[in-house]
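Chain residues, written in single-letter form:
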Amino acid sequence: MILDYETLKIIWWLFVGVLLIGFAVTDGFDMGVGTLLPFLGKNDEERRVIINSVGATWEGNQVWFITAGGATFAAWPLVYAAAFSGLYWALLLVLFALFFRPVGFDFRSKVDDPRWRNAWDWGLFIGGAVPALVFGVAFGNLLLGLPFHFDRDLQVYYTGSFIALLNPFGLLAGVVSLAMLTMHGAAYLQLRTEGEICARAGRALRIAALVVIVAFALAGIWIATGIDGYRIVSMPPAGSVFTPLAKMVERVSGAWLANYSAHPWMLIAPVLGFGGALLAMLWSRAGRTVAAFLATSASVAGIILTAGFSMFPFVMPSSTNPASSLTAWDAVSSRRTLQIMFWVVVIFLPIVLAYTAWVYRVLRGKITVEQVRAKPRSLY
C-alpha cells in the first residue's frame, strides 16, 4: 500500500500523539507514584511497598519517552532541532531529574540507614514531580508560541530563556500536568496496594482529580479569552514539499478553538479530560480501583488530545515570526522516510503493546508489607 504524502503527514501526527499518550499513561503513573512517595509512606516498609508497586515495570514504561523522542527526530526533524536547542535547559532539567530514578530504585534499600533512604525517597520525588511539571510548562508555552525563527537557510534561532518559560500560563499548564500525573499515580497505587496505603492513595487521588478539573477549566477559559492562537492564511498544497517559510500565518483571538467548531467530534477530548477525572473520584470512593485507574488513563489521554486538537496542524508555533511556525505539513521528513517508518510502526507497535500487556498480566496483584518483609533483599 502506497500512501500519499498528505496522508502520511497526518498519520505521523497521530503516531507521535499515540507515543506521547502511551508515555503519559504508562510512565505517567510512575512519576505520580514517585511524587506521592514521601507523603503516603509513613515508614520504611510502606515506602518500599509504594516503590515496588512500580519497581518491576518503570524501566519498560520509560521506553515510550525514548521512542517518542526518536520518532520526533525521524518524522519531524525541524521540530526536533528547534525544540531540543531552544528548550535545552528545560530538557536538561528533566534529564537530571530522571537520573534520580534508576539510582534511587537500585540503591535506596542497599544501606540500612534512615537518612540514606529518606534522601533517596526525596530523590525519587524529584524524579517524578519535576519532569511532570516541566512537561506541562512546555506544553503551555507551545500554546503561547515559542520565540524562535528560521532564516533564509533554515538556520533556527531561539531568542527566549528558561526563566521566560515560567510565565503564569505556562505554570498553570504545569500544575495541570503535575496534578494529572499525581492523580494517575494515586489511582495505580490504590489498585496495587491495600490497607492504609490504599486508603491514603484514594484520598490523594480525589484531591489531585479536583485540582485537575479546576486547573484544566481555568486553562481552557484562559485560552478562550486571553490567548491568541495561530491560523494559516495561505500555504502550498498540503501534499507537496515546502519549507515553513513558504506559508503565511496570523495570530488570531480564539484560533485555538476553531477546530472544535469545524470538527465537533474533537470535543470528545476535553470531555474525556473532565469526565475521566470526575469518574475517577467517584469510583475511587466506591472502591472500584480498576475502573478508577481506567478513568484516570482516559483523563490523561483526553487532556493531551485537547492540546493536540486545539493546535492542529501546528506543532511548534513561533511567537516572534509566525511564518516560522512548524506544522504537521512542513516540519516532516521526506515521503520515503515516512512511508518506511509507517510500516515499521505498523509491524512493531502491536508487538510492543502485546508484550507490555503480557508483562502487566504476569505482574498483576497487590504489593503488601508482608511481601516486603519476606523478601528484604530481592525487592527494592
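Just above sits the structure.
Predicted model, so just to flag it, every value in this text is computed and none were measured. (Residues numbered from 1 in each chain as written. Predicted model: local features only at pLDDT ≥ 70, side-chain atom pairs only at ≥ 80, totals over all residues. Heavy atoms only, no water.)

**Q** Just checking my understanding: could you explain the overall build of the protein chain for this structure?
**A** Summing up its helical and strand segments, the protein chain has 14 helices and six strands in all. Against the compact-globule benchmark of 21 Å for 380 residues, the protein chain has a radius of gyration of 21 Å, which places it among compact chains. Dimensions of the protein chain, computed from C-alpha atoms along their principal axes, come out at roughly 65 × 40 × 40 Å. For the protein chain, the proportion of its 380 residues judged to be buried stands at 51%. Only carbon and sulfur atoms are counted for the fraction: they give 70% of the accessible area of the protein chain, which is about 17400 Å². Charge centroids of the protein chain, computed over 27 positive and 20 negative side chains, lie 5 Å from each other. (Helix = DSSP H or I, 4+ residues; strand = E, 2+ residues; numbered from the N terminus. Rg over C-alpha atoms; globule rule 2.2 N^0.38 Å. Buried < 20%, exposed > 50% of the residue type's maximum accessible area, 1.4 Å probe, protein only. Areas by Shrake-Rupley, 256 points an atom, 1.4 Å probe, with all protein chains shown as cover. Lys, Arg positive; Asp, Glu negative; His and termini not counted. Charge placed at Lys NZ, Arg CZ, Asp CG, Glu CD.)

**Q** Whenever I open this one, the side chain of Ser-53 confuses me. Can you help?
**A** Position of Ser-53 among the secondary structure elements: in helix α2 (residues 44-55). Apart from the residues within four sequence positions on either side, Ser-53 is in contact with Val-33, Tyr-188, Leu-189, Arg-192 and Ile-367. (Contact = heavy atoms within 4.5 Å.)

**Q** How should I be thinking about the pattern of salt bridges in this particular structure?
**A** If charged atoms from side chains of opposite charge come close, those side chains can pair. Within this structure, the stated rule accounts for 10 salt bridges. Arg-108 is the salt-bridge partner of Asp-121, the closest N and O atoms lying 2.5 Å from each other. Here Asp-121, found in helix α6 (residues 114-144), pairs with Arg-108, found in the loop between α5 (88-107) and α6; they are 13 residues apart in sequence, far enough to count as distant. Accessibility assignment for this pair places Asp-121 and Arg-108 in one class, buried. Residues joined in a network through salt bridges with shared partners are Asp-44, Arg-47, Arg-108, Arg-117 and Asp-121. (Salt bridge = Lys/Arg side-chain N within 4 Å of Asp/Glu carboxyl O.)

**Q** Can you walk me through α6 in this structure?
**A** Every α-helix carries 3.6 residues per turn, so stepping three or four residues along brings you back to the same face. Under the 1.5 Å per step criterion, the end-to-end length of α6 is 45 Å for 31 residues, consistent within 8% with the ideal 45 Å. The N-cap of α6, judged by a side-chain oxygen 2.9 Å from the amide nitrogen of Arg-115 a few residues on, is Asp-113. (Expected span 1.5 Å × (residues − 1). Polar contact = N/O pair within 3.5 Å; in protein donor to acceptor, adjacent residues only side chain to side chain.)

**Q** Help me out: how do you make sense of a nonpolar patch on the surface in this one?
**A** On the surface, Ile-340, Trp-343, Val-344, Val-346, Ile-347, Phe-348 and Ile-351 cluster together into a nonpolar patch covering about 640 Å² of accessible area. Relative to the helices and strands, Trp-343 is located in helix α13 (residues 335-362). Trp-343 gets classed as partly exposed once you look at its relative accessible area, which sits at 34%. (Patch = residues over 30% accessible without salt bridge, like charges linked within 9 Å, V, L, I, M, F, W, Y side chains within 5 Å.)

**Q** Help me understand the side chain of Asp-121, please; the structure alone is not making it clear to me.
**A** For Asp-121, a relative accessible area of 1% corresponds to the buried category. In this structure, Asp-121 is in contact with Leu-37, Pro-38, Arg-47, Ile-51 and Arg-108, ignoring residues within four places of it in sequence.

**Q** Is there a simple way to explain unusual backbone geometry in this structure?
**A** Most peptide bonds are trans, and most residues other than glycine sit at a negative phi. With an omega dihedral of 5 degrees, the bond running from Phe-312 to Pro-313 counts as a cis peptide bond. Within the fold, Pro-313 resides in the loop between α12 (289-311) and β5 (314-316). Residue Leu-154 is not a glycine yet carries a positive backbone phi of 65 degrees. Mapped onto the elements, Leu-154 comes out in the loop between β1 (148-150) and β2 (156-158).

**Q** What should I look at first to understand the environment of Ile-51 in this one?
**A** Looking at where Ile-51 falls in the secondary structure, it is placed in helix α2. Separated by 17 residues in the primary sequence, Ile-51 and Gly-34 have C-alpha atoms spaced 7.7 Å apart.

**Q** Sorry if this is basic, but what is going on with the packing of aromatic side chains here?
**A** The geometry of an aromatic ring pair is captured by the separation of the ring centres together with the interplanar angle, meaning the angle of the planes. Tallying each qualifying case throughout the model produces 30 aromatic pairs. On the numbers, 5.1 Å between centres and 85 degrees between planes, the contact of Trp-12 with Phe-15 is edge-to-face. Highlighted residues: Trp-12 and Phe-15, both in helix α1 (residues 5-40), separated by three residues, approximately one helical turn. With a centroid separation of 5.4 Å and an interplanar angle of 75 degrees, the aromatic rings of Trp-122 and Phe-125 are classed as edge-to-face. (Phe/Tyr/Trp six-rings, centres within 6.5 Å; stacked < 30°, edge-to-face > 60°.)

**Q** Teacher, can you tell me more about the environment of Ile-223 here?
**A** Within the element layout of this structure, Ile-223 appears in helix α9 (residues 195-226). Separated by 32 residues in the primary sequence, Ile-223 and Ala-255 have C-alpha atoms spaced 9.3 Å apart.

**Q** What's the story with the packing of α1 against helix α8 (residues 168-192) in this structure? I'm lost.
**A** Describing two packed helices takes the angle between their axes plus the distance from one axis to the other. As a packed pair, α1 and α8 sit with axes 6 Å apart at the nearest point and diverge in direction by 85 degrees. The orientation of α1 with respect to α8, classified from their angle, is roughly perpendicular. Counted together, Ala-24, Val-25, Gly-28, Phe-29, Met-31, Gly-32, Val-33, Thr-35, Leu-36 and Leu-40 of α1 and Leu-178, Leu-181, Thr-182, His-184, Gly-185, Ala-186, Tyr-188 and Leu-189 of α8 form the full contact between these two elements. Broken down by class, the residue content of the contact of α1 with α8 amounts to 12 nonpolar, six polar and no charged. (Axes fitted to C-alpha atoms, helices over the stretch in contact; angles between N-to-C directions. Parallel < 35°, antiparallel > 145°, perpendicular 65-115°, else oblique. Nonpolar A, V, L, I, M, F, W, Y, C, P; charged D, E, K, R; others polar.)

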